[in-house]
Amino acid sequence: AGDSQELGGSNTTEGPASFVLDSNPYTMWHTNWDGSDRSANWIVLKVAENYDARIMGLRYLPRVNAGAQYAFGTIISYRVEVSEDGENWEVAAEGTWLNDAAWKCAYFKPRNANYVRLVSVDSISDDRGAFTSAAEIRLAGSVKEVIPPTTPEETVTPEPTEEPIPEITPTI
């Protein structure tokens, strides 16, 4: 999950970080509606425990109603960070995106990572503070399932596949 997420109110289409993985472009993760400090505008995706991932990119879909009046939270300057343990982070990519509702991509040299953090360096906000939102987020790369050894000396690891990375969950 993000450092900030809107969980209040009766709105069922905006708020929780889990919305970035629901395959519904009309729902979205949104930081606190009252605005927040820019340092609180990030979201982490975690690969399932029994997989090793080699990540080489991130795709971001802003809120689909991102017309001029509804663009709050659209990331226009980003940083992608990766980590194997969720504590030690390495910058994988940084740059800028257009303020529109199209999918955005950030590709980088493949890295072993079980956590990926999208940091909103700048986004469309107002005088209440910084906002960040995302309709969907996807990772690009490969995974291999790690099968626990049957004896202490034996480790079996299947070959990497080009299938989508499974069971990614946002964490807070």
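Fair warning: this is a prediction, and the values are worked out from it, not measured in the lab.

1. A look at the packing of aromatic side chains
- Evaluation of the coordinates by the stated rule reveals 4 aromatic pairs.
- Taking 4.0 Å as the distance between ring centres and 15° as the angle between the ring planes, the aromatic pair formed by tyrosine 78 and tryptophan 97 counts as stacked. Of this pair, tyrosine 78 sits in strand 5 (residues 75-83) while tryptophan 97 sits in the loop between strand 6 (90-96) and strand 7 (104-112), and the two are 19 residues apart along the sequence. Here tyrosine 78 matches tryptophan 97 in class, with each residue buried.
- Ring centres 6.5 Å apart and planes at 75° place the aromatic pair tryptophan 89 and tyrosine 115 in the edge-to-face group. A residue pair is termed long-range when its members are at least 10 positions apart, and tryptophan 89 in the loop between strand 5 and strand 6 and tyrosine 115 in strand 8 (residues 115-123) qualify at 26 residues.
- Among the residues examined, tryptophan 89 registers a relative accessible area of 24% and is labelled partly exposed.
- For tyrosine 115, a relative accessible area of 17% gives the class buried.
- The structure contains a cluster of three or more aromatic residues connected by ring pairs, namely Tyr60, Tyr78 and Trp97.
- The positively charged end of arginine 59 is found above the aromatic ring belonging to tryptophan 103, 4.4 Å away from the centroid.

What counts and how
Residues numbered from 1 in each chain as written. Predicted model: local features only at pLDDT ≥ 70, side-chain atom pairs only at ≥ 80, totals over all residues. Heavy atoms only, no water. Phe/Tyr/Trp six-rings, centres within 6.5 Å; stacked < 30°, edge-to-face > 60°. Helix = DSSP H or I, 4+ residues; strand = E, 2+ residues; numbered from the N terminus. Buried < 20%, exposed > 50% of the residue type's maximum accessible area, 1.4 Å probe, protein only. Lys NZ or Arg CZ within 6 Å of the ring centre and 35° of its normal.

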